[in-house]
Amino acid sequence: MRIELSGPDISQGEIDAVIAVLKSGRLSLGPKVPEFEKAMAEYVGVKHAVAVSSGTCGLHLLMRAIGVGRGDEVISTPFSFIASTNCIMYEGAKPVLVDIDPRTWNIDVSRIEAGVTSRTTAIIPVDAFGQVPDMDTIKAIAARHHLRVIEDSCEALGSKYKGRMAGSLADAGAFGFYPNKQITTGEGGMIVTNDDEIARLCASMRNQGRDTGMGWLSHERLGYNYRLTDMACAMGIVQLRRINEIIGKRARVVSWYRQRLSDEKRISMQQLGSDCEMSWFVFVVKLADSYSEQNRADIIERLRAKGIGCSNYFAPIHLQNFYRREFGYKNGDFPVCERVAARTIALPFHNALTESEVDEVCAALKSLL
Ligand SMILES: Cc1ncc(COP(=O)(O)O)c(C=O)c1O
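Here goes a summary of the coordinates provided. Since the model is a prediction, treat every value here as computed from it, not as a measurement.

### Quick look at the overall build of the protein
- The helix and strand inventory of the protein stands at 12 helices and 13 strands.
- The globule rule puts the C-alpha radius of gyration for 369 residues at 21 Å, and the 20 Å found for the protein is close to it.
- The principal-axis extents of the C-alpha atoms in the protein amount to approximately 65 × 55 × 35 Å.
- Pairs at least 24 residues apart make up 70% of the contacts formed inside the protein by residues separated by at least 6 positions.
- A total accessible area of about 15,100 Å² is found for the protein, and carbon and sulfur atoms account for 50% of it.

Have a look at this one:
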């Protein structure tokens, strides 16, 4: 694509840091892992951070750490990336989906309680595109029903809710560092929590179930190799140092899009709650309801033909083939999610996007509309 949908922002600092690790010979389980974890814990304002090899691994370990198991139900949203609910399935539990708010595109908190049963053990709110949902209400519901809350903040590093960082608002949270994220380590993720036991279990499980101080061939519990390399952590440390610059660049790109698109009646944008300060992950517009899913597919195809990277985003989780097979989900189960998801388009969004490229994208989109 001439104008890429996304892309990492790598400076000489990240390159130097990775090379230094390569020269050091400490490629895994070295000093960069705790250094990155400490920096993340400080940034997010939590006691513990546990580096893992992806956001998905982080969510999976959190499910295990809070004891989600066979027969349990965990509530989440159908308008997210598949990993938000696959982590529930990994443990043999059932994702119970709750439709979204048509304005914020986050889980509709007024519908959560209807999804709670005697088997519900947790809620996974997702910070869609960077926006933290109404966490006060979610936590109040959780408290009433003795549920744990795990934030899927994979898209929201640096976002705030009532002045507090995404990921620090509940029992624990997970971030992801794939190259389209605010900061990247290539692949990677981070668990954040104030809970000593969750942190201890996650640190053990990501390292084959070894407890601190245990030998290489001693295993206290079922574990995995979900470790993050020192190269990745070295890169993450430098990226995190640049987080304010990165968030600022992304906010500037959003402001260019908004200037050009906010009075365009044929599209709408995610409405931002007044409690949330956004760290933008992607920039998504929604076509008016008069456009069909096929119209959206045509627009995407034609934008791409012009060299403009774009994508449908998200695709409803419940309509994925294996969710339909496993749980009997079908079209119409979550009408708000389906109406939004059939019409959303993620436009090019990364730190290096220029104002003239945003101009071109918006002009092309308007002419196709
Ligand atoms: C909402 C959400 N949850 C989870 C993940 C999984 O993160 P990863 O790709 O690092 O496994 C992503 C990544 O795109 C995501 O957007």
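### Examining the packing of helix α8 (residues 243-261) against helix α12 (residues 355-368)
- Relative orientation of the contacting elements α8 and α12 amounts to 35°, with a least axis distance of 10 Å. For the crossing formed where α8 meets α12, the hand is right-handed. In this structure, α8 uses Val253, Trp256, Tyr257, Gln259, Arg260 and Leu261 to contact α12, whose residues at the interface are Glu355, Val358, Asp359, Val361, Cys362, Leu365 and Lys366.
- Here the residues of the contact of α8 with α12 are counted per class, giving eight nonpolar, one polar and four charged.

### Some details on the site of the ligand
- The immediate surroundings of the ligand are formed by 16 residues, with Gly55, Thr56, Asp152, Glu155 and Lys181 found nearest.
- At 2.8 Å from an oxygen atom of the ligand is found a main-chain nitrogen or oxygen belonging to Gly55.
- When isolated, the ligand has an accessible area of 390 Å², and the protein chains bury 92% of it.
- With respect to the pocket detection grid, the ligand is positioned in the second largest pocket.
- Contributions of two or more residues to the shell around the ligand are made by α3 (55-65) and α4 (83-90).
- Sorting elements by how many residues they give to the shell around the ligand places α3 first, with three residues.
- Taken together, the residues that form the shell around the ligand break down as six nonpolar, seven polar and three charged.

### So, the environment of Thr77
- You can see Thr77 is positioned in the loop between β2 (73-76) and α4.
- Taking the C-alpha atoms as reference, Thr77 lies 8.8 Å from Cys337; in sequence the two are 260 residues apart.
- Ignoring sequence-local partners within four residues, the contact set of Thr77 consists of Thr85, Leu97, Val98, Ile100, Ile107, Val126 and Ile317.
- Among the polar contacts made by the side chain of Thr77, one reaches the main-chain amide nitrogen of Phe79 at a distance of 2.9 Å.

### Digging into the pairing of strand β12 (residues 283-287)
- Burial runs high along β12: five of the five residues are buried.
- Residues of β12 alternate between two faces, with Phe283, Val285 and Leu287 on one and Val284 and Lys286 on the opposite face, all of them buried.
- In this sheet, strand β13 (residues 344-347) lies alongside β12 in antiparallel orientation, the contact comprising four bridges. Counterpart to Lys286 in the pairing with β13 is Thr344.

### Remarks on the nonpolar core
- Membership of the largest hydrophobic core comes to 50 residues, with the highest contact counts inside it found for Ile112, Tyr257, Leu261, Phe283, Val285 and Leu347.
- Put simply, the parts of the chain that give this core at least two residues each are α5 (135-145), α8, β10 (267-269), β12, α9 (293-305), β13 and α12.
- Filtering out sequence-adjacent residues up to four positions away, Val285 remains in contact with Trp105, Leu261, Ile267, Ser268, Met269, Arg343, Thr344, Ile345, Leu347 and Leu365.
- Counting 27 residues, the second largest nonpolar core, distinct from the first, contains Cys87, Ile88, Ala122 and Ile124.

### Comments concerning the sheet that holds β13
- Read from one edge to the other, the open sheet built from three strands follows the order β10-β12-β13, with strand pairing classed as antiparallel. The sheet terminates laterally at β10 and β13, the two strands that pair on one side only. The sheet shows a mean angle of 35° between the axes of neighbouring strands, direction not considered.
- α8 contacts β10, β12 and β13 of the sheet and is inclined by roughly 20° relative to β12.

### Section: a nonpolar patch on the surface
- Residues Ile10, Ile15, Ile19, Leu22 and Leu27 make up a contiguous nonpolar surface patch of roughly 390 Å² in combined accessible area.
- Residue classification places Ile10 among the partly exposed residues on the basis of a relative accessible area of 36%.

### A look at the layout of surface pockets
- Approximately 400 Å³ is the volume attributed to the largest pocket.
- When the residues that make up the lining of the largest pocket are grouped by side-chain class, the tally is six nonpolar, six polar and five charged.
- Thr56, Phe81, Cys154, Tyr178 and Lys181 are the residues nearest the centre of the second largest pocket, which is lined by 21 residues in total.
- Looking at which element gives the most residues to the lining of the second largest pocket, the answer is α3, with three residues.
- Within the lining of the second largest pocket, the residues separate by chemical class into nine nonpolar, eight polar and four charged.

The rules behind the values
- Residues numbered from 1 in each chain as written.
- Predicted model: local features only at pLDDT ≥ 70, side-chain atom pairs only at ≥ 80, totals over all residues.
- Heavy atoms only, no water.
- Helix = DSSP H or I, 4+ residues; strand = E, 2+ residues; numbered from the N terminus.
- Rg over C-alpha atoms; globule rule 2.2 N^0.38 Å.
- Contact = heavy atoms within 4.5 Å.
- Areas by Shrake-Rupley, 256 points an atom, 1.4 Å probe, with all protein chains shown as cover.
- Axes fitted to C-alpha atoms, helices over the stretch in contact; angles between N-to-C directions.
- Left-handed = near helix turned anticlockwise from the far one by under 90°.
- Nonpolar A, V, L, I, M, F, W, Y, C, P; charged D, E, K, R; others polar.
- Near = heavy atom within 4 Å.
- Polar contact = N/O pair within 3.5 Å; in protein donor to acceptor, adjacent residues only side chain to side chain.
- 1 Å grid on protein atoms, 1.4 Å probe; cavity = no way out; pocket = protein on both sides within 12 Å on 5 of 7 lines; lining within 4 Å.
- Sits in = over half its atoms within 2 Å of the grid points.
- Buried < 20%, exposed > 50% of the residue type's maximum accessible area, 1.4 Å probe, protein only.
- Pairing = 2+ DSSP bridges.
- Core = buried A, V, L, I, M, F, W, Y, C linked by side-chain atoms within 4.5 Å.
- Patch = residues over 30% accessible without salt bridge, like charges linked within 9 Å, V, L, I, M, F, W, Y side chains within 5 Å.
- Salt bridge = Lys/Arg side-chain N within 4 Å of Asp/Glu carboxyl O.
- Points joined across faces, edges and corners; volume = space filled by probe spheres on them.

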